[in-house]
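Chain by chain, the residues:
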Amino acid sequence: MLTFKIEPTTIYINAEHNAITTLSFTPLKKHSTNDNSILTEFSNELTLYFNGNLKSFKTPFLIKNGTQFQKKVWLSLKEIPYGETRTYQDIANMVGSPKAYQAVGQALRLNPLPILLPCHRVIKKSGEVSGFFGASSDGLTIKKYLLDLEKKNL
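This text gives an overview of the structure that appears in the document. Here the residue numbers are simple positions, counted from 1 along each chain's written sequence. Given that the model is predicted, a residue must reach a pLDDT of at least 70 before its local features are reported, and side-chain atom pairs must reach 80 or more before they are shown or counted; all residues, however, enter totals for whole chains, interfaces and linings. No hydrogens and no water enter the side-chain calculation; it runs on all heavy atoms of the structure.

### Things to note about the overall build of the chain
We apply this condition: Think of it this way: any DSSP run of H or I at least four residues long counts as a helix, any run of E at least two long counts as a strand, and we number them from the N terminus. What the globule rule says is 2.2 Å times the number of residues to the power 0.38, and the radius of gyration is computed from C-alpha atoms. Summary of the burial criterion: residues with accessible area below 20% of their type's maximum are buried, those above 50% are exposed, and those between are partly exposed, where the area comes from a 1.4 Å probe applied to protein chains only. Contacts were defined at the residue level, with two residues in contact if any of their heavy atoms lie within 4.5 Å. The Shrake-Rupley method, run with a 1.4 Å probe, gives the accessible areas here. Residue values count only the displayed protein chains as cover. Positive charges are assigned to Lys and Arg, negative charges to Asp and Glu, while His and the chain termini are left out of the count. A charge is said to be at NZ when it belongs to Lys, at CZ for Arg, at CG for Asp and at CD for Glu.
Helix and strand counts for the chain come out as 5 helices and 5 strands. For the chain, the sequential pattern of α-helices and β-strands runs β-β-β-α-α-β-α-α-β-α. Relative to the globule expectation of 15 Å for 154 residues, the C-alpha radius of gyration of the chain, 15 Å, shows essentially globular dimensions. Principal axes of the C-alpha set define a box for the chain whose edges measure 45 × 35 × 25 Å. Out of the 154 residues in the chain, the part that is buried amounts to 46%. Sequence-distant contacts, at least 24 apart, represent 55% of the contacts inside the chain between residues at least 6 apart. Approximately 8,200 Å² of the chain is accessible, and the part contributed by carbon and sulfur atoms is 51%. Within the chain, the 12 negative side-chain charges are centred at a point lying 7 Å from the centre of the 19 positive side-chain charges.

### Comments concerning the pattern of salt bridges
Our working rule: What counts as a salt bridge is simple: a side-chain nitrogen of Lys or Arg found within 4 Å of a carboxyl oxygen of Asp or Glu.
Enumeration over the complete set of coordinates arrives at 4 salt bridges. Measuring nitrogen to oxygen at the nearest pair gives 3.0 Å for the salt bridge that ties Arg86 to Glu84. The salt bridge partner of Lys124 is Glu128, with a shortest N-O separation of 3.6 Å. On the accessibility criterion, Glu128 (42% relative accessible area) is partly exposed.

### A short note on the pairing of strand S2 (residues 9-16)
Look at any regular strand and the pattern is simple: side chains alternate between the two faces of the sheet. To keep it simple, the criterion reads: Think of it this way: DSSP has to see at least two bridges between two strands before they count as a pair.
Taken across its 8 residues, S2 has 7 buried, putting it largely inside the fold. Relative to strand S3 (residues 19-24), S2 is paired through 5 bridges, and the arrangement is antiparallel. Note that in S3 the partner of Tyr12 across the bridge is Ser24. Here S2 folds back onto S3, and the loop between the two strands holds 2 residues, one of which, His17, carries a positive phi near 55°.

### Digging into the environment of Thr9
Position of Thr9 relative to the elements: it lies in strand S2. Looking at Thr9, the relative accessible area reads 10%, which means it is buried. For Thr9 and His120, which are 111 residues apart along the polypeptide, the C-alpha to C-alpha distance reads 15 Å. In this structure Thr9 touches Phe4, Phe25 and Ile142, once residues within four positions along its chain are discounted.

### Side note on empty space enclosed by the protein
To be explicit about the condition: Cavities and pockets are defined on a 1 Å grid built over the protein atoms alone: a cavity is a set of grid points where a 1.4 Å probe fits but cannot escape, while a pocket is an open set with protein on both sides within 12 Å along at least five of seven lines, and lining residues are those with an atom within 4 Å of any such point. Grid points are joined across faces, edges and corners, and a volume is the space filled by probe spheres set on the points. Only Asp, Glu, Lys and Arg are considered charged, only Ala, Val, Leu, Ile, Met, Phe, Trp, Tyr, Cys and Pro nonpolar, and every remaining residue, Gly among them, polar. Either an automatic procedure or a domain database provided the assignment from which the domain bounds are taken.
With the rule as written, the count across this model stands at 2 cavities of 30 Å³ or more. At the level of secondary structure, the elements contributing two or more residues to the lining of the second largest cavity comprise S2 and helix H5 (137-152). With 3 residues, H5 is the single largest residue contributor to the lining of the second largest cavity. Partitioned by chemical class, the residues of the lining of the second largest cavity number 9 nonpolar, 1 polar and no charged. A domain-level breakdown of the lining of the second largest cavity finds at least three residues from each of domain 1 (2-51) and domain 2 (68-153).

Structure follows, in structure tokens:
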């Protein structure tokens with residue numbers, strides 16, 4: 001496991017089988033204790049990202065859990081360009097389930113790899129920023145921070 005400190009938060013990262021498996025803004029209950037070079041690689045990419053010098057991640061990742069629908073939603077996030085946003089409805093359309101925008105929101109709440117699979121780029125149709133980690137104040141602060149970071153570094 002790797003802990004990555006960036007204001008306004010700490011990021012907890014886990015890897016297995018040379019792939020990132022978890023990225024969390026809360027401490028991980030279960031994690032690998034192996035020293036994994038993939039964690040160093042990803043830490044370097046995160047540093048570049050937060051410095052505005054990386055627009056897309058190259059580090060391999062592995063989605064270990066989730067329904068087929070959730071996995072489709074999570075993987076669709078890679079299609080949202082750096083610095084841009086899409087709505088929950090847009091994502092529902094992308095995954096071929098146009099009426100499932102609420103289910104998209106639920107899937108995003110469970111995203112095991114935020115930032116890497118950029119759920120922070122998904123907003124309400126009204127343009128309002130919402131729904132990051134159950135809409136906690138910390139979650140919304142982090143989401144706004146990530147969106148501002150990307151817009152600033154376009």
